[in-house]
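# Secondary and tertiary structure notes
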Amino acid sequence: MFYYVLKYVVLGPLLRLLFRPRIEGLEHIPAEGAAIVAGNHLSFSDHFLMPAIIKRRITFLAKAEYFTGPGLKGRLTAAFFRSAGQIPVDRSGKDAGQAAIREGLGVLAKGELLGIYPEGTRSHDGRLYKGKVGVAVMAIRAGVPVVPCAMVGTFEIQPPGKVVPRIKQVTIRFGEPLDFSRYAGLEDRKAAIRAVTDEIMYAILGLSGQEYVDEYAAKVKAAESDQPKKFPRLRR
């Protein structure tokens, strides 16, 4: 109930008023039945802007950290995400991927829309990174279409580290649903799920026009954070 209050009464109208999102290809979202909406992830604002313009309810797999923050702020954040229908997923440990897949398949089994960011984390520099294969496993195992989505302009309004977004128009594009029924029964084959994931990422790339990096975003961010910081020379 609170999800629809947020969507149609409180947050949705406010977001539409402030950011005036330009929406393209909304007709590609199925009117009923299970489907995956797979998008790029440029900003914290993505969590709210895309669901606000989709007519159907969509459930995202959200990182568990949003539900475990300390103090009053942490409790309010957790309550908000739960009320918005988001599912916490622990991304640490070797079984994290399997847990996310189980949760996602549960959403699809109910005939609902599942939202997922195949990159696994927000882009720290605005580029599109290599997708993780969980989206392919779920699409093949559940036998559902994947609708590619591109958020354009959200990195500029709220890049990582910026708390309050800039008020500026953004674009949200949806592509034609991708059918992977030809891969039925092959969700355990590495080559098959890699091929499906790459096809999804290529479709997102075509919609977003981003620069593509054939590495995982988390790996690149970790490598950059390990590099020693360069300090300017002091003048004598």
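Each remark here, short or long, concerns the structure printed above.
Attention in this report is confined to the structure presented alongside it. As the structure is a computational prediction, the values presented were derived from the model and not from experiment.

Attention shifts here to the side chain of threonine 121. Its location among the elements puts threonine 121 in the loop between strand S5 (113-116) and strand S6 (128-129). Residue class for threonine 121 comes out buried when judged on its relative accessible area of 14%. Within the local environment of threonine 121, its side chain forms a polar contact with the side chain of lysine 221, the two groups lying 3.0 Å apart.

Turning next to the pattern of salt bridges. A full pass over the atoms with the stated rule returns 7 salt bridges. A salt bridge links glutamate 24 to arginine 173; its shortest N-O distance comes to 2.8 Å. One end of the pair, glutamate 24, is in strand S1 (residues 22-24); the other, arginine 173, is in strand S8 (residues 171-174), and 149 residues separate them in sequence. Residue class for arginine 173 comes out partly exposed when judged on its relative accessible area of 24%. In this structure, a network of salt bridges that share partners links the residues Asp125, Arg127 and Glu211.

All chains considered together, the criterion is met by 3 aromatic pairs. When the centroid spacing of 5.3 Å and the interplanar angle of 70° are considered together, the rings of phenylalanine 44 and phenylalanine 48 count as edge-to-face. The exposure class of phenylalanine 44 is partly exposed, given its relative accessible area of 23%. Taking 6.4 Å as the distance between ring centres and 55° as the angle between the ring planes, the aromatic pair formed by phenylalanine 180 and tyrosine 183 counts as tilted. On the accessibility criterion, tyrosine 183 (16% relative accessible area) is buried.

The rules behind the values
- Residues numbered from 1 in each chain as written.
- Predicted model: local features only at pLDDT ≥ 70, side-chain atom pairs only at ≥ 80, totals over all residues.
- Heavy atoms only, no water.
- Helix = DSSP H or I, 4+ residues; strand = E, 2+ residues; numbered from the N terminus.
- Buried < 20%, exposed > 50% of the residue type's maximum accessible area, 1.4 Å probe, protein only.
- Polar contact = N/O pair within 3.5 Å; in protein donor to acceptor, adjacent residues only side chain to side chain.
- Salt bridge = Lys/Arg side-chain N within 4 Å of Asp/Glu carboxyl O.
- Phe/Tyr/Trp six-rings, centres within 6.5 Å; stacked < 30°, edge-to-face > 60°.

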